[in-house]
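Reading the structure
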Amino acid sequence: MTIAIGERLPAATLVRMTAEGPDQVATQDFFAGRTVALFAVPGAFTPTCSARHLPGFVEQRAALLAKGVDEIACTAVNDAFVLSAWGKSVGAEGITMLADGNGDFARALGLEMDGSKFGMGLRSQRYAMLVEDGVVKQLHVEAPGEFRVSSAEHLLSAL
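The model shown is predicted, which means the values in this text are computed figures rather than measured ones. (Residues numbered from 1 in each chain as written. Predicted model: local features only at pLDDT ≥ 70, side-chain atom pairs only at ≥ 80, totals over all residues. Heavy atoms only, no water.)

**What to know about helix H2 (residues 47–59)**
When the terminal C-alpha atoms of H2 are compared, their 17 Å separation across 13 residues agrees well with the 18 Å that a helix rising 1.5 Å per residue should span. Every buried residue belonging to H2 is among Cys-49, His-53, Leu-54, Pro-55, Gly-56 and Phe-57, and all of these are buried. (Helix = DSSP H or I, 4+ residues; strand = E, 2+ residues; numbered from the N terminus. Expected span 1.5 Å × (residues − 1). Buried < 20%, exposed > 50% of the residue type's maximum accessible area, 1.4 Å probe, protein only.)

Here it is as C-alpha cells:
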C-alpha cells in the first residue's frame, strides 16, 4: 500500500556521505521537527534524473527555502558512494543525498518499482513529497515514464 497524505513516514535507515564516510540516518531523526522537500529518482546518472530532476531542485533551492522548506533531500536505490558522486557531478550543493541502497525505504513507502526489464532491479518510483515533522503533507507520484508532478517547479507551485 502506498503511503498517503497525512501519514507518518515509516521508520527506515538511509545513508548519506560525509567527509568521514557513509553515515546512517534514521528517518525518524532526519525528518523530525522540520519541513523537508523529499524527491526520489529511479537512479543516479540516468538521463531524466541527471538532466532535469536533480538539476531542477538545485535551481529552485532558494525559492523552496523561501517558501518554508528547511531542507531538500534526494533519495534513490543506489549506494551512498554513487549518490555522492552523482551529486558532485551535477553541482547539487545544498541537496542532501540519501541512499536507499537496498530499496527498504521505497518498499516501506509502497513506492518501489521493478526495473528488471531495464537491468535495474528494484528501484524507487519517481516522486516528490513535502514532509512536515515526519508527516506527509504533499505527495506527487509520477506515472511510469513521466516527469511532471515530481519536478521542483511543480512542488514549488503547490506550496
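**Digging into the environment of Ser-150**
One can find Ser-150 in the loop between strand E9 (135–141) and helix H6 (152–158). Looking at Ser-150, the relative accessible area reads 0%, which means it is buried. Remark: the alpha-carbon pair of Ser-150 and Leu-38, spanning 112 residues in sequence, is separated by 9.8 Å. Contact partners of Ser-150, with chain neighbours within four places excluded, come to His-53, Phe-57, Arg-126, Tyr-127, Ala-128, His-140 and Glu-142. (Contact = heavy atoms within 4.5 Å.)

**Notes on the layout of surface pockets**
Estimated volume of the largest pocket: approximately 420 Å³. Around the largest pocket sit 17 residues that line it, and Pro-42, Met-113, Arg-126, Pro-144 and Gly-145 are the ones nearest its centre. At the level of secondary structure, the elements contributing two or more residues to the lining of the largest pocket comprise H2 and strand E6 (112–114). Broken down by element, the lining of the largest pocket gets its largest block of residues, three residues, from H2. Of the residues belonging to the lining of the largest pocket, the class tally is nine nonpolar, four polar and four charged. Approximately 240 Å³ is the volume found for the second largest pocket. (1 Å grid on protein atoms, 1.4 Å probe; cavity = no way out; pocket = protein on both sides within 12 Å on 5 of 7 lines; lining within 4 Å. Points joined across faces, edges and corners; volume = space filled by probe spheres on them. Nonpolar A, V, L, I, M, F, W, Y, C, P; charged D, E, K, R; others polar.)

**As for the nonpolar core**
Core analysis: the biggest nonpolar cluster contains 24 residues, and Phe-39, Phe-57, Ile-72, Trp-86 and Ile-95 have the highest contact counts within it. For this core, the secondary-structure elements that each account for two or more residues are strand E3 (35–40), H2, strand E4 (71–76), helix H4 (80–89), strand E5 (95–99), strand E8 (127–132) and H6. Among residues more than four places away in sequence, those in contact with Trp-86 are Val-41, Ala-44, Phe-45, Cys-49, Ser-50, Leu-54, Cys-74 and Met-97. Membership of the second largest hydrophobic core comes to 20 residues, among which are Phe-30, Val-36, Leu-109 and Val-131. (Core = buried A, V, L, I, M, F, W, Y, C linked by side-chain atoms within 4.5 Å.)

**Points about the pairing of strand E1 (residues 13–18)**
Two strands pair when backbone bridges link them, and E1 and strand E2 (residues 21–26) are joined in this way by six bridges, in the antiparallel orientation. Looking across to E2, one finds that Arg-16 is bridged to Asp-23. Between E1 and the antiparallel strand that follows it, E2, lie two residues. (Pairing = 2+ DSSP bridges.)

**Concerning the packing of aromatic side chains**
On inspection of all chains with the given rule, the structure shows three aromatic pairs. Geometrically, the ring pair formed by Phe-30 and Phe-31 is edge-to-face, given 5.0 Å between the ring centres and 80° between the ring planes. There is no split in this pair, since Phe-30 and Phe-31 are both buried. Ring geometry for Phe-45 versus Trp-86: centroids 6.5 Å apart, planes at 55°, classification tilted. In this pair, Phe-45 is assigned in the loop between E3 and H2 and Trp-86 in helix H4, connecting sequence segments 41 residues apart. Owing to a relative accessible area of 47%, Phe-45 belongs among the partly exposed residues under this scheme. (Phe/Tyr/Trp six-rings, centres within 6.5 Å; stacked < 30°, edge-to-face > 60°.)

**What about the pairing of E9?**
By the criterion of burial, E9 is predominantly enclosed, with five of the seven residues buried. Two strands pair when backbone bridges link them, and E8 and E9 are joined in this way by six bridges, in the antiparallel orientation. Opposite Met-129, over in E9, you have Leu-139 as the bridge partner. Between E8 and E9, which pair antiparallel in sequence order, lie two residues; one of them, Asp-133, sits at a positive phi of approximately 50°.

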